[in-house]
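Each chain is listed here by its residues.
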Amino acid sequence: MTAYTLPELHRPPAAEPATVYTVASGDLRPAANVTCWPTQEKLESDLAAALTDLGRKVRRGHAVDEAKGHGFIDSQRAGIEVFKHIPKDAPLIVVEAVWQYSHHVLAGLRDHQGPILVVANWSGEFPGLVGLLNLAGSLTKAGRDYSVLWSADFTDEWARESLRTWLETGTLAHDTSHVRPLPPLPSADPETALGVALARQLREEKAIIGVFDEGCMGMYNAIIDDEFLNPLGIYKERLSQSALVAEMKKVSDEEAQEVRAWLDRAGMTFHTGTDEATELTDAQLLSQFTMYIAAVRIADDFGLDAVGIQYQQGLKDTVPASDLAEGLLNNVQRPPVRSRDGARELYPGAPLPHFNEVDEGVAVDSLVTNRIWTAMGLDPATTLHDIRWGEEYDGRFVWVFEISGSVPASHNGGYDKSYSMRQPPMFFPLGGGTLSGVSKPGEIVWSRVFLMDGRLHVDLGRATSVELPEEETRRRLDATNHQWPIMHAVLHGVSRDQFMARHRANHLNVAYAPDAATADKALRAKAAFFAELGVEVHLCGDVAIQPQP
Ligand SMILES: C[C@H](O)[C@@H](O)[C@@H](O)C(=O)CO
């Protein structure tokens, strides 16, 4: 017996028979949740129709908040409270038509004992597929079993049958036969030797990635703990976005104007106006150039090899978006930045790899790519993209890879083919411009570093960035976010559904090579680099791993 009053443990309700529970994780930004809500409602009603046809009742795990104007779980606390009322062993579907912050639902999903399915609408309108893929990556890192499914409106046979399978068995397996382990690489191969040597150099000499505000975008999968990172020779310098803003205040307007003048001379187009609330203004751009200079100076202060700005929470309410700075950092040709005393040019003639959204899987990848591509004399400009959506064109499935703000200008074919547009107000109230364009046609290596089963893995594959007619490019931009940079990508030997089933992140990395043979070589060097670091390497689709005579 005890004199203490012990807390009474909360008991979740029992599951109702033949009932599927649903939850919807949302953004942390109210404007995004309100704007995207009608699309989410449509997806939920499409899914409910399919589930009803399959003989199930659908119970939404949380109410729509009329005062807020949406029905999303919009914080971690809200998610924890919602999950208290969801039967622990019930079948549960996370329904996503929007970009969502995975940590809103992670606590509940970690403990949930019933089968979990994450679904999204096959649509480019909002980043729902991107949200699904982030949650998938996060659940994979957390070691929680789950299944995934996507459909335009859940009326197609494939989606209905898949739903039936999941309802009956609690799991849904997709074809991932395009993935195979890396075979032993020939040691006499020069690319293998290069990859191994560069990996040993990294582990021995070490590198630092600067992390401005880790994890505040809810991307749990994007946080790689030091225990996994340090054995590769990579260490984090933890930085605060407030220090970035403080440093921006020390940059003079003249210095920022020089960046603008450099870009104007290089032929970049800025779509400007005068209405701060809806248009890109010269003042917003000036602030973004100030950030570019400040970021390089901080990187120099700390001796960073790569840098990542989290860019959403906090920063978007303080200054215009960081995207333009990020795109500039990733390019070889970029406006010069000098030390505060003017004595030194910082990181001259080289990119300072930037991992957007502080995705640390991207950080590792960018660092590795930068070293290999530089050693091979290739353009080391690399970027991540969101896996946003895609559709067939002319008999091929062409992905819309579209990161939410910036790519290095060389990917668009140069600054004269790049442009900047205002970020959508619902995401970025203080505006700021993108570094956008249509990715040039060419051969690329794609990749993704991710955490699974308590260790680091990397998926590697080949793809071609293809040219589409202008009307089709326009259609794809208008069907998504036309302000953002787009790549029309055809993956080699990987179908749409195989890719969706396997990919463990909302992002993937891309880097160009001048031709297919060089891309194959660079991929081989990359595979060797990662294998030497002890990362488990997987080859996806058609990858020519044997050196060609
Ligand atoms: C602005 C959007 O919320 C983006 O941040 C989102 O779509 C992503 O890019 C996620 O990777």
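Residues numbered from 1 in each chain as written. Predicted model: local features only at pLDDT ≥ 70, side-chain atom pairs only at ≥ 80, totals over all residues. Heavy atoms only, no water.

As recorded by an unreviewed UniProt entry, the chain carries the name L-fucose isomerase and is attributed to Streptomyces violaceusniger.

Colleague: Honestly, the overall build of the chain in this entry has me stumped. Any pointers?
Modeller: Along the chain, the regular secondary structure elements total 15 helices and 18 strands. The C-alpha atoms of the chain give 23 Å as radius of gyration, which agrees with the globular expectation for 549 residues (24 Å, within 12%). Taken along the three principal axes of its C-alpha coordinates, the chain extends 70 × 65 × 60 Å. Per-residue burial for the chain yields a buried fraction of 60% across its 549 residues. (Helix = DSSP H or I, 4+ residues; strand = E, 2+ residues; numbered from the N terminus. Rg over C-alpha atoms; globule rule 2.2 N^0.38 Å. Buried < 20%, exposed > 50% of the residue type's maximum accessible area, 1.4 Å probe, protein only.)

Colleague: Please clarify how the sheet that holds strand 1 (residues 19-23) should be interpreted in this entry.
Modeller: Paired through backbone hydrogen bonds, the strands of a sheet run either parallel or antiparallel to each other. Ordered by their spatial adjacency, 5 strands build an open sheet running 2-1-3-4-5, and the pairing between neighbours is parallel. If you trace the sheet from one side to the other, it starts and ends with strand 2 (57-60) and strand 5 (147-151), each paired once. With strand direction ignored, the average angle separating the axes of adjacent strands in the sheet is 30°. In this sheet, strand 5 lies alongside strand 4 (residues 116-121) in parallel orientation, the contact comprising 5 bridges. The residue bridging V119 from the neighbouring strand is L149, located in strand 5. Here helix 1 (residues 30-53) sits on the sheet and contacts strand 1, strand 2, strand 3 (92-96) and strand 4; the angle it forms with strand 3, its principal contact strand, is near 145°. Each of strand 1, strand 3, strand 4 and strand 5 touches helix 5 (residues 157-169); the most contacted strand, strand 5, lies at about 155° to it. (Pairing = 2+ DSSP bridges. Axes fitted to C-alpha atoms, helices over the stretch in contact; angles between N-to-C directions. Contact = heavy atoms within 4.5 Å.)

Colleague: Help me understand helix 1 in this model?
Modeller: Helical periodicity: at 3.6 residues per turn, an α-helix aligns residues three or four positions apart in one direction. The first and last C-alpha atoms of helix 1 sit 34 Å apart over 24 residues, in line with the 34 Å expected at 1.5 Å per residue. For helix 1, the principal kink sits at W37 and spans about 50°; a proline, P38, occurs within the next four residues. Listed as buried for helix 1 are A32, N33, C36, W37, T39, Q40, L43, E44, D46, L47, A50 and L51. Tucked into the core, helix 1 has its buried residues touching strand 1, strand 2, strand 3, strand 4 and helix 5. Just downstream of helix 1, G55 is the residue with a positive phi angle, here 85°. (Expected span 1.5 Å × (residues − 1). Bend = angle between axes of the 7 residues up to and from the residue.)

Colleague: I would appreciate a short explanation of the site of the ligand in the present structure.
Modeller: Surrounding the ligand, one finds 14 residues, the nearest of these being R29, Q312, E357, D386 and H507. Note that an oxygen atom of the ligand is positioned 3.0 Å from one of the side-chain N or O atoms of Y311. The separation between an oxygen atom of the ligand and a polar side-chain atom of N506 is 2.9 Å. Contact with the protein chains covers 100% of the free accessible surface of the ligand, which is 310 Å². (Near = heavy atom within 4 Å. Polar contact = N/O pair within 3.5 Å; in protein donor to acceptor, adjacent residues only side chain to side chain. Areas by Shrake-Rupley, 256 points an atom, 1.4 Å probe, with all protein chains shown as cover.)

Colleague: What is the right way to read the environment of G218 from this model?
Modeller: Assignment of secondary structure puts G218 in the loop between strand 7 (207-212) and helix 7 (226-229). In contact with G218, not counting residues within four places along its chain, are Y101, S102, H103 and N134.

Colleague: When you look at the domain arrangement of the chain in this model, what are you seeing that I'm missing?
Modeller: Each assigned domain of the chain is listed here: domain 1 (19-169) and domain 2 (190-540). Taken together, the 32 residues of domain 1 in the interface contact 32 residues of domain 2. Summed over both partners, the interface of domain 1 with domain 2 buries about 2,900 Å², with 62% contributed by carbon and sulfur atoms. Of all residues in domain 1, W122, L133 and K141 give up the largest surface area on contact with domain 2, accounting jointly for 26% of the area buried on that side. (Domains from an automatic or database assignment. Buried area = accessible area lost by both parts, 1.4 Å probe.)

Colleague: Any chance you could explain the pattern of salt bridges here in plain terms?
Modeller: Oppositely charged side chains can pair when the atoms bearing their charge come close. Taken as a whole and assessed by the stated rule, the structure comprises 38 salt bridges. The residue R448 makes a salt bridge to D359 at a minimum N-O spacing of 2.8 Å. Of the two residues, R448 sits in strand 14 (residues 442-452) while D359 sits in the loop between helix 11 (323-329) and helix 12 (360-375), which places them 89 residues apart along the sequence. For the pair formed by R448 and D359, the shared burial category is buried. Notably, a salt bridge pairs D459 with R502, separated by 2.7 Å at the nearest N-O pair. (Salt bridge = Lys/Arg side-chain N within 4 Å of Asp/Glu carboxyl O.)

Colleague: Just checking my understanding: could you explain the pairing of strand 5 for this structure?
Modeller: For a regular strand, the rule is simple: side chains alternate between the two faces of the sheet. Buried residues dominate strand 5, accounting for 5 of its 5 residues. Neither face of strand 5 is open: one carries S147, L149 and S151, the other V148 and W150, and all of them are buried. Between strand 4 and its parallel partner strand 5, the chain crosses via helix 4 (residues 128-142), and the hand of that crossover is right-handed. (Right-handed = clockwise from strand over helix to strand, strands pointing away.)

Colleague: Which parts of the structure should I look at to understand the environment of G267?
Modeller: With respect to the secondary-structure elements, G267 resides in the loop between helix 9 (253-266) and strand 9 (269-270). Measuring from C-alpha to C-alpha, the distance between G267 and K417 comes to 7.7 Å, with 150 residues separating the pair along the chain.

Colleague: Mind showing me how you'd approach the packing of helix 9 against helix 10 (residues 282-302) here?
Modeller: Each pair of packed helices can be summarised by the angle the axes make with each other and by the distance between the axes. At a minimum axis distance of 8 Å, the contact between helix 9 and helix 10 shows a crossing angle of 105°. In terms of orientation, helix 9 lies roughly perpendicular with respect to helix 10. Within the contact between the two elements, helix 9 uses D253, E255, A256, Q257, V259, R260 and L263 and helix 10 uses D282, L285, L286, F289, T290, Y292, I293 and R297. Here the contact of helix 9 with helix 10 is built from residues that sort into 8 nonpolar, 2 polar and 5 charged. (Parallel < 35°, antiparallel > 145°, perpendicular 65-115°, else oblique. Nonpolar A, V, L, I, M, F, W, Y, C, P; charged D, E, K, R; others polar.)

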